[in-house]
Structure formats: C-alpha cells, structure tokens
Amino acid sequence: MTLSAKPLWLVGFRPFFILACAAGAILPMLWALIFSGVLPAPAGRFSPVQWHAHEMFFGFGWAVLGGFLLTATKNWVQVRGYHGTALVGLALAWCVERIGMAWGGGWPAELFWLSNLVFLACIVAMLLTTLVRYRRQDSFADNYFFLLVLPAFLAAKLLLLSEAHFADGATMSLGLFRMAFLVMLERTLTQFMKGVFQVDILRRPRLDLAIKLGAAFLVFQAWLPSALAVALLAILVALLMYRFSCWRPDLGFRRLELAVMYLGYLAIVAQLLLEMLALMGIGHWTGSLPMHVFTFGAMGLIIPAMLVRISLGHTGRKVAFDTGDRLVIRIMLLAFVVRIVLPQLFPGAYAHWIHLAAGAWTFAFAVLGFRLIPRLLAPRVDGREH
C-alpha cells in the first residue's frame, strides 16, 4: 500500500486531529507544572507565558484548525485535497515546531525560526492556493475573508513570540481564532439544527457580513484607538446577541452536543464584553479572564464536539454522540467552571484551579484520543476512499 493510500494520510483531519488530541492532553498539564515550578520552563528566547500562549494557539489550536480547514476547503471547492506525502510533511513540520519550542532555545537563530515558521507558512500557502486556484467553483462566496485571516496568523505568531509585542500578538491571535470560530459556527449550526430539529435558523446575509466585518476589524484591536475599539466591541456584541436570539437556543439547549456550540457562541460574546469593560477601566478579576473565557469557553467546548462530529461523519459513520462523547463534553464544562468561575470566587487557591483545570483537559482529550484514534487510522466504514 502506498503512503497516499494509507487511511491516516487520505485527508487532513485524520493526522491533525490525532495531533490535536495529543496536544490537548499534554500541553495544559505541562503548563500547570511549569506554572507551579515543578518543571522548568523551556529555556531561551521567550517567557513561560509566551511559550504557553504560543503552544495553545499555534500548537493545539492550529492542529485543530489545520485539520478542519484542510478537510473543509477541499469540500468547499470540490477537489481531492492534500493527501499522502503533503500531509506527512505538514505533520512532521508541526512536530518539529513543538521540538523547537521546547528545546530550541540554544539553537542558532536561523534554525530556530525555520523550525518555528515552516509548518504555518506551508499550510497557509497550501490553503490559500486551494481557495484562489478554485475560486470559481467555491460554494461559499465569503471565503475571501480567509485570504485576510490566514496570512495574518503568521504576523500574529511573530508578534506573540516578541517580548516587546507579546500582548499585541496575543490579542491578534485570539481575534483570528475568534473570527475562524464565528465563520465555522455560522456555517455549521444552521446545518446541525436543520439535521436534528428540521428547523431553519436565521441566516441574513447582511447581518452575517456585518458580524464578520466587525470581527475582522477587531483582529487589529491592539492598534485601534480605545474609543473605536469599545464601539466596535459593543456593536459586535449587539449583533451577535440578536442573531443568537434568532437561532432557536430553546431547541439547541435540549441536546448536549448542540448546547456546547451555543455555549461556545456565548463565550465569544462574554469575551468581547470583558474586553470592552477592560478598555473602559471597569471590572476587576483574577488572572487573564477575557483570554481564558475564550480558550476554555469557545475553544474548550466547541472543539471536542467538532472533533467527534467530523471523525464520525467523514469516516462514514452516523453522527450520533454516545455516552463517552458526552462524558468528554461534561468534563470540559467542568474545566470551564474550575478555570473561569472558581478563581473569581476563591482567588487564594488560584494555582490549585489551574492544576485542576489542566487535569480536566488532560483527561478529556486522553479519553477523546482513545476513542477517536482507531477511527482515524482505519478506512471509512462505508467503503468510500476518503
């Protein structure tokens, strides 16, 4: 069997969802041990907080986003998509980046930056090539937003690893992931609600466009005047809440696997509100609350459900969440409460909450990986190739 015919390398979600499960199980616990001084921080070019932020966004986050987009873009434009050697190369580049971030502090600068940039540069170039080359057969007219968002991830990554611009890079990275999640929710929740409840939830092109434009401007929030940023944040919150009220949450919250999508949507709104309050000088909280409302509330809740759905549907199985899938979601809900709510109520135990939340991520993604990896390594059950 040639490499391109092995199930693992037939389509992008297979190797990258395995890497995402590994990263989700390992990286948060590593950070908790570094935070408490049990393990030393990676030595060299950046602070422990920079390492943590980079690895959760560009390690874990881009394993998920890369697997999703490699799979989605080929479907959007109806082409075969990257497979075989191309995927092996991307997966190896992702692994090399993790090695460089952990042990590359003493490497020559050229070698470190090569290890750090090759994965993201290659996958962005590959995704853009697909979208541009086949734009005439693209089923989504608004995919031009990705022509802005994808290259901007490279700038955000460089800023995040710059000591002088870390805060700007963190804000930009969050803004880019927020934009990606809003586009994904817009496209998938309508399908899920139609499939489960046979209802059509609100899709108004002008409203959807206004939301995406607002999110796109806020990618550059760090460089906007505070008054303008506050106004844009308030407008986006209002637009998102209006759309949420029309998206039948009364039905969505009846099913846990849909409820977490709605909760993730609300976490995005909450993060925007907290950012607005911070810019206005209102509100006092323990830790980097706006950042972690997004990472735990949007990424932490939406991603496990997304991995389950895609790994079922794209391997020819019925998309039905069982007891194990729901257990993973409940663990991630618990992690959200432990990391977001309890530190505000009991700030004196902050380090304990970080350890417990990291332990919940480790357990949830270990369970998720144990359940998903056999599917991702095996051929489709319906006889189709990919």
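For every chain, the first residue of the written sequence is number 1, and numbering continues from 1 onward in sequence order. Only residues with pLDDT of at least 70 are given local features in this predicted model, and only at 80 or more are side-chain atom pairs given and counted; all residues enter the totals for whole chains, interfaces and linings. Hydrogens and waters are ignored; side-chain quantities use all the structure's heavy atoms.

K.L.:
For this particular structure, what's the right way to read the overall build of the protein chain?
P.N.:
Within the protein chain one finds 13 helices and 0 strands. Element order for the protein chain, N to C, with α for helix and β for strand: α-α-α-α-α-α-α-α-α-α-α-α-α. We take the radius of gyration over the C-alpha atoms and set the globule estimate at 2.2 Å times the residue count to the 0.38 power. Here the C-alpha radius of gyration of the protein chain, 20 Å, is about what a compact globule of 386 residues would show, namely 21 Å. The proportion of buried residues among the 386 residues of the protein chain is 55%. We get accessible surface area from the Shrake-Rupley algorithm with a probe of 1.4 Å; when it comes to residues, only the shown protein chains can shield them. In the structure as shown, the protein chain presents an accessible area of about 15,900 Å², 69% of it carried by carbon and sulfur atoms. Strands are runs of DSSP state E lasting at least two residues, helices are runs of H or I lasting at least four, and both sets are numbered from the N terminus onward. Only protein chains enter the calculation, and the probe is 1.4 Å; a residue is then buried if its accessible area is under 20% of its type maximum, exposed if over 50%, and partly exposed in between.

K.L.:
Help me out: how do you make sense of the pattern of salt bridges in this one?
P.N.:
Where charged atoms from two side chains of opposite charge come close, those side chains can pair. Salt bridges are defined as contacts in which a side-chain nitrogen from Lys or Arg sits within 4 Å of a carboxyl oxygen from Asp or Glu. On inspection of all chains with the given rule, the structure shows 15 salt bridges. It is possible to trace a salt-bridge network through shared partners that takes in Asp 142, Glu 186, Arg 187, Asp 208, Lys 212 and Arg 243.

K.L.:
Teacher, can you tell me more about the packing of aromatic side chains here?
P.N.:
Note on aromatic pairs: each is described by the distance of the centres and the angle between the planes. Aromatic rings from Phe, Tyr and Trp, taking only the six-membered ring of Trp, are treated as a pair when their centres fall within 6.5 Å; an angle between ring planes under 30 degrees marks them as stacked, one over 60 as edge-to-face, and anything in between as tilted. By the definition in use, this model includes 23 aromatic pairs. Their ring planes at 75 degrees and their centres at 5.8 Å tell us that Phe 244 and Tyr 262 sit as a pair that is edge-to-face. Of this pair, Phe 244 sits in helix α8 (residues 226–246) while Tyr 262 sits in helix α10 (residues 256–279); the two residues are 18 residues apart in sequence, bridging distant segments of the chain. Both rings, one in Phe 253 and one in Tyr 262, keep their centres 5.7 Å apart while their planes meet at 45 degrees; by these two values the pair is tilted. Through a chain of ring-to-ring contacts, the aromatic side chains of Phe 57, Phe 58, Trp 62, Phe 153 and Phe 177 assemble into a single cluster. Put simply, a charge is over a ring when the Lys NZ or the Arg CZ is close to the ring centre, within 6 Å, and near the line of the ring normal, within 35 degrees. Note that Arg 98 overlies the ring of Trp 94, its terminal NZ or CZ placed 4.9 Å from the centroid. Cation over ring: Arg 187 sits above Trp 76, and NZ or CZ is 4.6 Å from the ring centre.

K.L.:
Even after reading the chapter, I still don't get the side chain of Lys 157, so can you show me in this structure?
P.N.:
Residue placement: Lys 157 occurs in helix α5 (residues 145–160). Under the rule applied, a polar contact is a pair of N or O atoms within 3.5 Å (in protein, one hydrogen donor and one hydrogen acceptor; residues adjacent in sequence only if both atoms are side-chain atoms). A distance of 3.1 Å separates a polar atom in the side chain of Lys 157 from a polar atom in the side chain of Glu 97. Working rule for contacts: check all heavy atoms of both residues, and any pair within 4.5 Å makes them a contact. When sequence neighbours within four positions are dropped, the list of residues in contact with Lys 157 reads His 54, Phe 58, Glu 97, Asn 116, Leu 117 and Leu 120.

K.L.:
Looking at this structure, I do not really get the nonpolar core. What am I missing?
P.N.:
One recurring pattern in soluble globular proteins: nonpolar side chains tend to sit buried together. Phe 60 and Trp 62 are the most contacted members of the largest nonpolar core, which has 139 residues in total. Those residues in contact with Phe 60 that sit more than four places away from it in its chain are Ala 20, Ala 23, Gly 24, Leu 27, Glu 55, Met 299, Ile 303, Trp 361 and Phe 365. Buried residues of nine kinds, namely Ala, Val, Leu, Ile, Met, Phe, Trp, Tyr and Cys, make up a nonpolar core once their side-chain atoms join them within 4.5 Å.

K.L.:
Before we go on, may I ask you to explain the packing of helix α6 (residues 166–197) against helix α11 (residues 289–313) in this structure?
P.N.:
Packed helices, taken two at a time, are described by their axes: the angle between them and the distance between them. Relative orientation of the contacting elements α6 and α11 amounts to 40 degrees, with a least axis distance of 11 Å. Here α6 is positioned oblique relative to α11, judged by the angle of their axes. The interaxial crossing formed by α6 with α11 has left-handed handedness. Residues Ala 170, Leu 174, Phe 177, Arg 178, Phe 181, Met 184, Leu 185 and Phe 192 of α6 form the contact with α11, whose participating residues are Met 291, Phe 294, Ala 298, Met 299, Ile 302, Ile 303, Met 306 and Arg 309. Polar here means any residue outside two lists: the nonpolar Ala, Val, Leu, Ile, Met, Phe, Trp, Tyr, Cys and Pro, and the charged Asp, Glu, Lys and Arg; Gly therefore counts as polar. Residues of the contact of α6 with α11, tallied by class, amount to 14 nonpolar, no polar and 2 charged. Between N-to-C directions, angles cover 0 to 180 degrees, with each direction set by a line fitted to C-alpha atoms, over the stretch in contact for helices. For classification purposes, an angle smaller than 35 degrees is called roughly parallel, one larger than 145 roughly antiparallel, one from 65 to 115 roughly perpendicular, and anything else oblique. Note on convention: the crossing is left-handed when the near helix lies turned anticlockwise from the far helix by less than a right angle, right-handed when the turn is clockwise.

K.L.:
Before we go on, may I ask you to explain the packing of α6 against helix α7 (residues 205–218) in this structure?
P.N.:
Interaxial distance between α6 and α7 falls to 9 Å at its minimum, and their mutual angle equals 165 degrees. The orientation of α6 with respect to α7, classified from their angle, is roughly antiparallel. Once α6 is placed against α7, the crossing between them reads as left-handed. Contacts between α6 and α7 involve Arg 178, Met 179, Leu 182, Val 183 and Glu 186 on the former and, on the latter, Asp 208, Ile 211, Lys 212, Ala 215, Ala 216 and Leu 218. Classifying every residue of the contact of α6 with α7 by side-chain character gives 7 nonpolar, no polar and 4 charged.

K.L.:
Please explain unusual backbone geometry as it appears in this structure.
P.N.:
What you tend to see is this: most non-glycine residues have negative phi, and most peptide bonds are trans. Although it is not a glycine, Gln 78 sits at a positive phi angle of roughly 55 degrees. Considering the arrangement of structural elements, one finds Gln 78 in the loop between α2 (48–77) and α3 (85–103). The backbone phi angle of Gln 198 is positive, close to 55 degrees, even though this residue is not glycine. Among the secondary structure elements, Gln 198 is positioned in the loop between α6 and α7. Judged by its relative accessible area of 56%, Gln 198 is exposed.

K.L.:
What should I look at first to understand the environment of Ala 298 in this one?
P.N.:
Looking at the element boundaries, Ala 298 is found in helix α11. Counting along the chain gives 117 residues from Ala 298 to Phe 181, while the straight-line C-alpha distance between them is 8.0 Å. If we ignore the near neighbours within four places in the chain, the residues touching Ala 298 are Phe 181, Gly 264, Ala 267, Ile 268, Val 293 and Ile 303.

K.L.:
In this structure, what is going on with a nonpolar patch on the surface? I would like to understand it.
P.N.:
Where nonpolar side chains cluster on the molecular surface, the patch consists of Val 132, Tyr 144, Leu 147, Leu 209, Leu 213 and Phe 217 and spans about 530 Å² of accessible area. At 3 residues, the largest contribution of residues to the nonpolar patch is made by α7. With respect to the helices and strands, the residue Leu 213 is situated in helix α7. Like charges are joined within 9 Å and nonpolar side chains (Val, Leu, Ile, Met, Phe, Trp, Tyr) within 5 Å, but only among residues with over 30% relative accessible area and no salt bridge; these make up the patches.

K.L.:
Whenever I open this one, helix α13 (residues 350–377) confuses me. Can you help?
P.N.:
Note: α-helices contain 3.6 residues per turn, so residues at a spacing of three or four share the same orientation. Between the first and last residue of a helix there are one fewer steps than residues, each counted as 1.5 Å, and that sum is the expected span. Here α13 is 28 residues long and its end C-alpha atoms lie 39 Å apart, about the 40 Å a rise of 1.5 Å per residue gives. Where α13 bends most, at Arg 371, the angle is about 30 degrees, and the proline Pro 374 comes one to four residues later. What is called the bend at a residue is the angle between a pair of axes, fitted to the seven residues leading up to and ending at it and to the seven starting from it.

K.L.:
Explain α5 here, please?
P.N.:
Taking 1.5 Å as the rise per residue, α5 with 16 residues should run 22 Å; its terminal C-alpha atoms sit 22 Å apart, in good agreement. Along α5, the sharpest change in direction is near 25 degrees and occurs at Phe 153. For α5, the secondary structure elements touched by its buried residues are α2, α3, α4 (109–133), α6 and α7.

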